[in-house]
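# Coordinates in review
These are the residues of each chain, in order.
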Amino acid sequence: MNNGEFGKIGENIAADILRGNGYRIMQRNYRCKMGEVDIIAAKGPYLSFIEVKTRQSRNYGRPCEAVDETKQRHIRNAATCYLKELERKGYVPGRVSFDIMEITAEHIKGAF
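This text gives an overview of the structure that appears in the document.

Analysis parameters
Residues numbered from 1 in each chain as written. Predicted model: local features only at pLDDT ≥ 70, side-chain atom pairs only at ≥ 80, totals over all residues. Heavy atoms only, no water. Helix = DSSP H or I, 4+ residues; strand = E, 2+ residues; numbered from the N terminus. Buried < 20%, exposed > 50% of the residue type's maximum accessible area, 1.4 Å probe, protein only. Contact = heavy atoms within 4.5 Å. Core = buried A, V, L, I, M, F, W, Y, C linked by side-chain atoms within 4.5 Å. Salt bridge = Lys/Arg side-chain N within 4 Å of Asp/Glu carboxyl O. Expected span 1.5 Å × (residues − 1).

### Details of the overall build of the protein chain
When helices and strands are counted, the protein chain shows two helices and four strands. Helices and strands in the protein chain line up, N terminus first, as α-β-β-β-α-β. A principal-axis box enclosing the C-alpha atoms of the protein chain has dimensions of 55 × 30 × 20 Å. Taken over 112 residues, the protein chain has a buried fraction of 31%.

Structure follows, in structure tokens:
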């Protein structure tokens with residue numbers, strides 16, 4: 001399995017977790033010329049722009065550590081595009097959040 005396939009599995013898991021926690025998935029893999037967002041989800045007054053990071057181990061640190069300033073800027077820019085699209089449709093969310101979901105599938109050999 002390549003990294004892209006593994007990442008897609010992680011995004012599916014993240015979407016399932018969000019749904020289970022009462023979020024409504026508005027959009028997945030939203031792209032515009034300014035950037036990309038893995039999942040856009042709504043819950044109550046919040047519209048969350050979510051970056052999903054999936055890793056097979058923590059050998060290189062926590063998955064969230066891969067969301068550097070450049071990636072954050074791309075997500076914020078994509079969020080701005082999405083919010084403008086919503087505004088043109090007459091919808092303005094109450095609050096916006098930028099979230100990271102870490103999905104780690106780690107095989108711990110000889111754990112006990």
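### Topic: the environment of Lys71
As for its placement among the helices and strands, Lys71 is situated in helix α2 (residues 69-88). In sequence terms Lys71 and Val37 are 34 residues apart; their C-alpha atoms lie 9.9 Å from each other. With near-sequence residues (within four places) excluded, Lys71 lies in contact with Glu36 and Glu51.

### Some words on the nonpolar core
Grouped together as the largest cluster of nonpolar side chains are 12 residues: Tyr30, Val37, Ile40, Ala42, Leu47, Phe49, Val67, Ile75, Ala78, Ala79, Tyr82 and Leu86. Counting only elements with at least two residues in this core, the list comes to β2 (35-43), β3 (46-55) and α2. With five residues, α2 is the single largest residue contributor to this core. Core analysis: the second largest hydrophobic core is formed by nine residues, Leu18, Ile50, Val52 and Met101 among them.

### Some points on the environment of Ala14
On the secondary structure map, Ala14 appears in helix α1 (residues 3-20). Between the C-alpha atom of Ala14 and that of Asn77, which follows or precedes it by 63 residues, the distance is 22 Å.

### Considerations on the pattern of salt bridges
According to the stated counting rule, one finds six salt bridges in the structure shown. For Asp16, the salt bridge goes to Arg19, with nearest N and O atoms at 3.1 Å. Of this pair, Asp16 and Arg19 both sit in helix α1, separated by three residues, roughly a single helical turn. Looking at Arg19, the relative accessible area reads 43%, which means it is partly exposed. Between Arg31 and Glu36 there is a salt bridge; the shortest N-O distance is 3.9 Å. Under the relative-accessibility criterion, Arg31 is labelled exposed at 58%.

### Comments concerning α1
Spanning 18 residues, α1 covers 26 Å between terminal C-alpha atoms, matching the ideal 26 Å at 1.5 Å per step. Restricting attention to buried positions, one finds in α1 the residues Phe6, Gly10, Glu11, Ala14, Ala15 and Leu18. Against the buried residues of α1 lie β1 (24-32), β2, β3 and β4 (95-104). Gly22 lies just past α1 and shows a positive phi near 85 degrees.

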